[in-house]
Amino acid sequence: MSLSVPTELTAHHWDRAGRRLLAKTLGELSYELLLDPVDLGEGRYRVDLPDVSYTFTARRGAFTDWRVDPDSIVRGVDGRENPASDPLRFFLDASESLGMSGDTTGHLLRELSATLAADAKLDATGVSSAELADLSYVELEGHQSGHPWLIPNKGRMGFSAADAATYAPESRNRHRLPWMAVHHTLADYRAVAGLTDETLIAGELDDADRARFTQVLTDRGLDPADYVWVPVHPWQWDEIVVPVFAPDVAAKRIVALGEAADRYVAQQSIRTFANVDNPRRHYVKLPLSILNTLVWRGLPTERTVAAPAVTSWVLSIAENDEFLRDEARAVLLGEVASVTVRHRMLEEIEGVPYQYKELLGAIWREPLSGKLDPGEKARTLASLLHVDADGRAFVAELAERSGLDAEVWLEKLFGALMPGLLRFLYQYGVVFSPHGENTIVLFDDHDVPTRLAVKDFVDDVNISGTGIPELADLPPEVDAALLREPPEFLRQFIQTGLFVGHFRYLAPLVEEQLGVPEETFWSLLRDEILAHHKRFPELSERFAMFDLFTAEIERLCLNRNRLLLDAYRDRPERPHAAVHGTVPNPLHGS
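All values derive from a computational prediction rather than experimental measurement.

**Some details on the packing of aromatic side chains**
Item 1. According to the stated counting rule, one finds 22 aromatic pairs in the structure shown.
Item 2. For the pair Trp179 and Phe213, a centre-to-centre distance of 6.4 Å together with 40° between the ring planes defines the contact as tilted. Here Trp179, found in strand S7 (residues 174–183), pairs with Phe213, found in helix H8 (residues 207–219); they are 34 residues apart in sequence, far enough to count as distant.
Item 3. On the accessibility criterion, Trp179 (5% relative accessible area) is buried.
Item 4. Of the residues examined, Phe213 reaches a relative accessible area of 0% and is grouped as buried.
Item 5. Geometrically, the ring pair formed by Tyr426 and Phe543 is edge-to-face, given 4.7 Å between the ring centres and 70° between the ring planes. Of this pair, Tyr426 sits in helix H14 (residues 406–428) while Phe543 is found in helix H19 (residues 540–545), placing the two residues 117 residues apart along the sequence.
Item 6. Residue classification places Tyr426 among the buried residues on the basis of a relative accessible area of 0%.
Item 7. For Phe543, a relative accessible area of 10% translates into the label buried.
Item 8. An aromatic cluster of at least three residues, connected via ring pairs, comprises Phe63, Phe414, Phe499, Phe503, Phe521 and Trp522.

Right under this line is the structure:
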C-alpha cells in the first residue's frame, strides 16, 4: 500500500490556518470568561499562564467580545517573545489554568488538528470573493469555513483522512448515494399528507433504478412490498450498518440495493446532500455517526418521526398568514418525508448514549431551486462572514455589486431577515434557531437582499409555554414533539442564535470593509425591529413578552461546554450550551 499526503498539508497553509485558529481561540475563550486578558493599553492585551504568556492586539465588540489580530500574537517564555501560530501548543500551555482534564485535552488536540487540516484545504483550494459571488447556492456551500464560534469546528471525530478527503464539504466531491431496503418491522415512514412512500420514491429515483432495486429483492426471494427503501451515507453503511446492525443484515431485514444514478454533493452540515443532476429533487439528510461541533451527527428518532407533521403545521401558519405569505414571503424548506430505522436492542437500553438512538434513517427536504423567483440567488447567512485569501470579505463584494450605499444595503439585509422571524415569534409564539447555516438570504439579480429562507427548522423549532392562545390547539403529534419554553427563553434563540452567534462577527467585518460603524449596524437592526412593532401595534403585549431589547443577554458558552462540562463523554441526552453570566445587549437603548 502506498502512502499519500494531502497536497494542502504544507508549512505555509498550516501556519496560516494556525494563526487564524489561535486568534479565534484567544478571542472566544476571553469572551466566555475562561481567559482574563490584561489590558496593556493601545489595543494590546496579555494572557498570563504558568511560565508563559500570550500578547496580542484586539478590538472589543458590542458584546464585550474580542476580535484578535492573527498577525499580532506573540508567545513569551523567560523574557523572550516569538510570533505564535500554534493553537495546539496554546492548549498545552493553558490546559491546567483552564481546568481541563488530560483526556479532554488529548481529544481536543486531535479535534483541533483535524480542524486545521480542513482549514488548510480550504486555503489551498479557495477562490476570490468575486468568484464566490457567481457560484450557485449548492457550490458556495463547499467554500465555507464552518461555525464562527466553536473553536474545533471541523473535528469530525470518526473520519479518517481519506474519509475527510472524500466526504467533507470542502472536498466538493460528487457522490452517488447507495440505497438499502429495510423491513417494515424496523422502519417507520412518515410524510406530509398525500406523499406516500411509493410517490416519494417515484420522484427520487429513475425508472431504471427502481427496476434494478426491485430485482435485487426478488432475486433474493423477498417481497418488495415488505420493505422501505432508504438512502444511506456510504460511511454509515460501512461503520454502523454492517457491524452494528449485523443481525438484521444477516436476517435480510436490511438489504443492500446498490447506488442510484443521481449525483449529490455534501452541504455545510456534512450530513445533508443536494442533488446536482436533478436539482428539483429533494435534499436528503442522512445520519452520520461522527462527533462534530459538540454533538454526534445522527438523526434523533423522535424529531425525525415528527418532522413531516411539524413541517405541515409550520407551513400552514405561513400559508394562512397574509403578512408571511404575501409580504415577507419567507421560504420554509419543509422536511416533507422521513424514515426512522430503530435498532432492536440498543434503543431498549435505559441510559444508552444518545448516539445509539439516532443511527439510521433519512429526511427528505424540499429543494430550494423550486422556491426562487426568476433571477433570484440564495446564500446562507454564514457565507457573509467569509473572507478570501486577499482579505476581501464576501459581504463587501455583494454590497459593492448591488450599487447601493453600504447602510442602505444593510437595511435591505435586515429587512429581508427580520420580518418573518419576528412575525412567527410575536404572533404565534414560535421561534426557529436562526444561526448562520440554517438561515438563507435570498438576493435579487443585483445582489440586493430581498427575503428570508429557513432550513432545518424542524430540529430547532420551539414554542412558547405560556400566554399564546394561537398555540392552544396544536395537532397532538406536533404538541408531543415540540418543546414549550418560557418567553424569556424563547427570545434567546434570536438574541443568541442570530445577534450573538452571527451578527457579533458580521458587525465588525462590516465596519472594517464597508465603513459602517458598529454602532450604526446595531442602530439599523433596532430600527428594523421597531418598524415591525409600529406595523403591528395590536401585538404590543407580545413585544414586551418577547423583549429583544433587554439590557443584558445570557452569555451562552459553547467552548466552555466542550472544554469543561460535557467534554467528550457519552451521555444519554444531547448536550446544551452552558450559561455563564451575561453580556450587554447592543440593542438596548441604542
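**A word on the nonpolar core**
Item 1. Judged by nonpolar contacts, the single largest core of 126 residues is most densely connected at Phe91 and Phe499.
Item 2. Among the elements that take part in this core, H14 stands out by supplying 13 residues, more than any other.
Item 3. If we skip the residues at most four places from it in the chain, Phe91 touches Thr25, Leu29, Leu98, Met100, Thr105, Leu108, Leu109, Leu112, Ile151 and Leu563.
Item 4. By size, the runner-up hydrophobic cluster in this structure holds 42 residues, among which are Met180, Ala187, Ala260 and Tyr264.

**Examining the domain arrangement of the chain**
Item 1. In terms of domains, the chain is made up of domain 1 (11–141), domain 2 (169–365) and domain 3 (377–546).
Item 2. Computed over C-alpha atoms, the centres of domain 1 and domain 2 are 37 Å apart.
Item 3. Each partner contributes residues to the interface: domain 1 has eight residues there, and domain 2 has twelve residues.
Item 4. When domain 1 packs against domain 2, close to 810 Å² is buried across both sides, 49% of that on carbon and sulfur atoms.
Item 5. When the area that domain 1 buries against domain 2 is broken down by residue, the three leading residues are Lys121, Val138 and Glu141, summing to 55%.
Item 6. At the junction of domain 1 and domain 2, the tally comes to two residue pairs in polar contact (both at pLDDT 80 or more).
Item 7. Among the secondary structure elements, those contributing two or more residues to the side of domain 1 that touches domain 2 are helix H3 (102–125) and helix H5 (137–140).

**Quick look at the packing of H14 against helix H17 (residues 487–514)**
Item 1. For the pair H14 and H17, interaxial distance at closest approach is 13 Å and the crossing angle is 175°. One way to sum up the angle between H14 and H17 is to call them roughly antiparallel. Judged by residue contacts, Ala406, Leu410, Leu413, Phe414, Leu417, Met418, Leu421 and Leu425 of H14 engage Leu490, Ile494, Leu498, Phe499, Phe503, Leu506, Val510 and Leu514 from H17.

**Looking at the environment of Gly501**
Item 1. Summarising the element assignment, Gly501 is placed in helix H17.
Item 2. Distance from Gly501 to Pro434, taken between C-alpha atoms, is 9.1 Å for residues 67 residues apart in sequence.
Item 3. Those residues in contact with Gly501 that lie beyond four places of it in its chain are Pro148, Trp149 and Thr496.

**Quick word on the sheet that holds strand S9 (residues 227–231)**
Item 1. With antiparallel pairing, eight strands are arranged side by side in an open sheet as S8-S16-S17-S12-S11-S10-S7-S9. Strands at the two margins of the open sheet, each flanked by one partner only, are strand S8 (187–191) and S9. Pairs of neighbouring strands in the sheet enclose a mean axial angle of 25°, with direction left out of account.
Item 2. In this fold helix H11 (residues 301–320) packs onto S8, strand S16 (335–341) and strand S17 (360–365), with an angle of close to 155° to the strand it touches most, S16.

**What about the UniProt feature "domain: Aerobactin siderophore biosynthesis IucA/IucC N-terminal" (unreviewed entry) in the chain?**
Item 1. The UniProt entry lists residues 137–386 under the feature "domain: Aerobactin siderophore biosynthesis IucA/IucC N-terminal" (unreviewed entry), expressed in the numbering used here.
Item 2. Helix makes up 30% of residues 137–386 and strand 27%, and the two end C-alpha atoms of the span are 14 Å apart.

**Let's talk about H8**
Item 1. With 13 residues, H8 extends 18 Å between its outermost C-alpha atoms, agreeing within 8% with the 18 Å of an ideal straight helix rising 1.5 Å per residue.
Item 2. In this structure, the buried side of H8 is in contact with S7, S9 and strand S10 (254–266).
Item 3. A positive backbone phi angle near 75° is found at Gly221, which sits one or two residues after H8.

**A word on the pairing of S7**
Item 1. Extensive coverage of S7 is indicated by the burial of seven of its ten residues.
Item 2. Pairing of S7 with S10 involves eight bridges; the strand directions are antiparallel. Residue pairing for S10: Arg174 is matched across the bridge by Val265.
Item 3. Examined bridge by bridge, S7 and S9 share five bridges and lie antiparallel to one another. Bridge assignment links Met180 to a residue of S9, and that residue is Val230.

**Notes on a negative patch on the surface**
Item 1. On the surface, a cluster of negative charge is contributed by Asp405, Glu407, Glu411 and Asp527.
Item 2. In this structure, Glu407 sits in helix H14.

**Description of the environment of Gly194**
Item 1. Tracing the sequence through the fold places Gly194 in the loop between S8 and helix H7 (197–204).
Item 2. A relative accessible area of 69% places Gly194 in the exposed class.
Item 3. Between the alpha carbons of Gly194 and Thr57 there is a distance of 59 Å; along the sequence they are 137 residues apart.

**Regarding the side chain of Glu111**
Item 1. Mapped onto the secondary structure, Glu111 falls in helix H3.
Item 2. Under the relative-accessibility criterion, Glu111 is labelled buried at 0%.
Item 3. Other than its neighbours up to four places away in sequence, Glu111 contacts Pro152, Gly155, Met157, Leu291, Thr293, Arg562 and Tyr568.

What counts, and where the lines are drawn
- Residues numbered from 1 in each chain as written.
- Predicted model: local features only at pLDDT ≥ 70, side-chain atom pairs only at ≥ 80, totals over all residues.
- Heavy atoms only, no water.
- Phe/Tyr/Trp six-rings, centres within 6.5 Å; stacked < 30°, edge-to-face > 60°.
- Helix = DSSP H or I, 4+ residues; strand = E, 2+ residues; numbered from the N terminus.
- Buried < 20%, exposed > 50% of the residue type's maximum accessible area, 1.4 Å probe, protein only.
- Core = buried A, V, L, I, M, F, W, Y, C linked by side-chain atoms within 4.5 Å.
- Contact = heavy atoms within 4.5 Å.
- Domains from an automatic or database assignment.
- Buried area = accessible area lost by both parts, 1.4 Å probe.
- Polar contact = N/O pair within 3.5 Å; in protein donor to acceptor, adjacent residues only side chain to side chain.
- Axes fitted to C-alpha atoms, helices over the stretch in contact; angles between N-to-C directions.
- Parallel < 35°, antiparallel > 145°, perpendicular 65-115°, else oblique.
- Pairing = 2+ DSSP bridges.
- UniProt positions renumbered as here; feature names shortened; annotations may be inferred.
- Expected span 1.5 Å × (residues − 1).
- Patch = residues over 30% accessible without salt bridge, like charges linked within 9 Å, V, L, I, M, F, W, Y side chains within 5 Å.
- Areas by Shrake-Rupley, 256 points an atom, 1.4 Å probe, with all protein chains shown as cover.
- Salt bridge = Lys/Arg side-chain N within 4 Å of Asp/Glu carboxyl O.
- Lys, Arg positive; Asp, Glu negative; His and termini not counted.
- Charge placed at Lys NZ, Arg CZ, Asp CG, Glu CD.

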